[in-house]
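Descriptive analysis of the structure
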Amino acid sequence: MKFQSQSAAMPYFIFALALFVGQIVFGLIIGLQYVVGDFLFPEIPFNVARMVHTNLLIVWLLFGFMGAAYYLVPEEAETELYSTKLAWVLFWVFAAAGTLTIIGYLAVPYATLADITGNGLLPTMGREFLEMPTITKVGIVVVALGFLFNIGMTMLRGRKTVINIVLMTGLLGLALFFLFSFYNPHNLALDKFFWWWVVHLWVEGVWELIMGAILAFVLIKVTGVDREVIEKWLYIIIAMALITGIIGTGHHFFWIGPPEYWHYLGSIFSALEPIPFFMMTVFAFNMVSRRRREHPNRAATLWALGCAVMAFLGAGVWGFLHTLAPVNYYTHGTQITAAHGHMAFYGAYVMIVITIISYAMPIMRGRPNGNSRQAQTVEMWSFWLMTIAMVFITLFLTAAGILQVWMQRVPESGQALSFMATQDNIALFYWLREISGVIFFIGLLTYIASFFVKGDAVEVAE
Amino acid sequence: MAERFTKSMARNIYLGGSTFFILLFLGLTFDTMQAMPERDNRENLTESVANGKLLWEENNCLGCHTLFGEGAYFAPELGNVYQRRSMGNDEAFIGYFKAWMNAMPTNVPGRRQMPQFNLNDQELEDLAAFLKYANGINTNDWPPNVEG
């Protein structure tokens, strides 16, 4: 580790992984409720468990992004972090706020939580992914401001690399667009329109900047390829991400009220959205094949390559599958959407956070050359278990979605099966998805176990 | 990439491209906002509807259902439930809706369960008004059929 203060990333990474385990436990619960409808009812109804599943995902990814920033910004800027103490204080504030929110979800009915947190004063709750109480949202803003101040001051004091500037731009955008979560008009169509300014402009906009910056950082470290080359790639990837992704927001405006011209804009631009992900794949493989050193942390390299491939498949290919308006007319809001969501989030954002953890964690634990060979073997097993399980989850949900479209959406009114009748007909695929989910969970536990595998210290390869 | 293509060219594409498309997006948003009054059924946005929307949110209905295809995929689409269940008659819809909400949960073993939300008569009417209002928003003929 070049700078002592980079270790501020450690608690963020550890807490992120703990929440990841929680996310998957709740994923297994709701997966089972799809086929055993009254499982855990009324103690944990589906809507509560689903909210815990998605909110934990978002929060642990945010922890991961923050940890990544605390680790890589000082190293890129070649200076200590502006304030290690602030990083620790904000960690505890965010961890406490997150934990209390999840406890609130589980301990009382959602309406009661809304009541005791004063949702009536500024109603922002009850919208997908933004279910947290308004005061939690305010807390997130406070933590984000303190975090951006800390990272920004560090950057200003030191070397201003492209990776740092791109990461900072992404993080600023993340904070900026989150502010739209406070705008919740009575007008449902306007509510939905600007809700996408948070959700889409995060995951298909500024988060891609964060992802690109982290990927570029790790690739510089593990391949030793010239920074100039990597930065050029980074610029052109994020250029394509924003050129396609901003107007690509239009693919969410097809059926929620806005005018029909979004059908053309949304279809054309979002059909181009796979390009930056494809470039990321080419970039990652190109850099690794042109590597100037054999970095002993092979697990980190595997995660970086896997991330690029899975992001392209999940976000790129599975996104394209249902993004054209005439197709989306039938697939919108079916299990095909769920299939895409699962693989895209895993491939792009889960895997990029694990990539930086896999690279940085051994260094912070005093193993500059990566974990022992034995520990890396276990970690690579977890890579394959989780990744292959996610491929199968996606395939089974896609199959379920195609059948759902066929039975429920394509026939005329009167001929079409009802939603619930359709669900009964596709239950087999939900069972298969749940089995894949169990394998994913085994993979995750294997990953966690890899942190505790001892073994021989790695020799310096260079 | 060829050496002719320099880092500063890449940076300029990023800065120029993203600036252009951000401005275009803002312009399109402005245009959409001009078009929305004709499409978003705001003339029927009563106080009862607004309260219904708050109830919809504070009971996390979207945690199971979809509304215009957005939400969870565990329970039926409700953006067009008014069309599906009313037979074009408000009284019939409210009656159906109240009976449904009050009958929950069914407690049929193994079946998906909808919680009992303990809403009073006025609240149920507000929620029904919200669903009727949602049904009136122009969604470009989505969903394809009445089943949602």
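Right above here is the structure, for reference.
Rules used in this analysis
- Residues numbered from 1 in each chain as written.
- Chains lettered and ligands numbered in written order.
- Predicted model: local features only at pLDDT ≥ 70, side-chain atom pairs only at ≥ 80, totals over all residues.
- Heavy atoms only, no water.
- Helix = DSSP H or I, 4+ residues; strand = E, 2+ residues; numbered from the N terminus.
- Expected span 1.5 Å × (residues − 1).
- Buried < 20%, exposed > 50% of the residue type's maximum accessible area, 1.4 Å probe, protein only.
- Core = buried A, V, L, I, M, F, W, Y, C linked by side-chain atoms within 4.5 Å.
- Bend = angle between axes of the 7 residues up to and from the residue.
- Axes fitted to C-alpha atoms, helices over the stretch in contact; angles between N-to-C directions.
- Parallel < 35°, antiparallel > 145°, perpendicular 65-115°, else oblique.
- Left-handed = near helix turned anticlockwise from the far one by under 90°.
- Contact = heavy atoms within 4.5 Å.
- Nonpolar A, V, L, I, M, F, W, Y, C, P; charged D, E, K, R; others polar.
- Polar contact = N/O pair within 3.5 Å; in protein donor to acceptor, adjacent residues only side chain to side chain.

In this model helix α11 (residues 298-321) of chain A runs 33 Å from its N-terminal to its C-terminal C-alpha over 24 residues, within 8% of the 34 Å that 1.5 Å per residue would give. Of all the 24 residues making up α11 of chain A, 17 are buried; the element is thus mostly covered by neighbouring parts of the structure.

Moving on, we get to the nonpolar core. Core analysis: the biggest nonpolar cluster contains 203 residues, and Phe20, Phe63, Phe65, Tyr70, Trp202, Trp207 and Ile214 of chain A have the highest contact counts within it. Looking at this core, the element that brings in the most residues is helix α7 (residues 188-223) of chain A, giving 27 residues. In this structure, Phe254, Ala325 and Tyr329 of chain A together with Trp142 of chain B belong to the second largest nonpolar core, which totals five residues.

Residues and elements named next belong to chain A. Taking 1.5 Å per residue as the helical rise, helix α13 (residues 335-364) with its 30 residues ought to reach 44 Å, and the 41 Å between its terminal C-alpha atoms agrees with that figure. Most pronounced at tyrosine 346, the bend in α13 amounts to some 35°. Counting buried residues along α13, 26 of its 30 residues qualify, which places the element largely inside the surrounding structure. Two residues or fewer after α13 comes glycine 366, characterised by a positive phi angle close to 75°.

All names here are of chain A. The contact between helix α8 (residues 227-248) and helix α10 (residues 274-289) brings their axes to 8 Å, and the two run at 165°. In terms of axis orientation, α8 runs roughly antiparallel to α10. Handedness of the α8/α10 crossing: left-handed. Between α8 and α10, the contacting residues are Val229, Ile230, Trp233, Ile236, Ile237, Met240, Ala241 and Thr244 on the first element and Ile275, Pro276, Met279, Met280, Val282, Phe283, Asn286 and Met287 on the second. The residue makeup of the contact of α8 with α10, split by class, is 14 nonpolar, two polar and no charged.

Let us now look at the side chain of histidine 251 of chain A. Residue and element names in this part refer to chain A. Inspection of the secondary structure puts histidine 251 in the loop between α8 and α9 (261-271). Judged by its relative accessible area of 14%, histidine 251 is buried. Side chain to side chain, histidine 251 and glutamate 204 meet in a polar contact 3.3 Å long. A polar contact of 3.3 Å, which involves the side chain of histidine 251, links it to the side chain of serine 270. The contacts of histidine 251, once residues within four sequence positions are left out, are His200, Glu204, Gly266, Ser270, Glu273 and Thr323.

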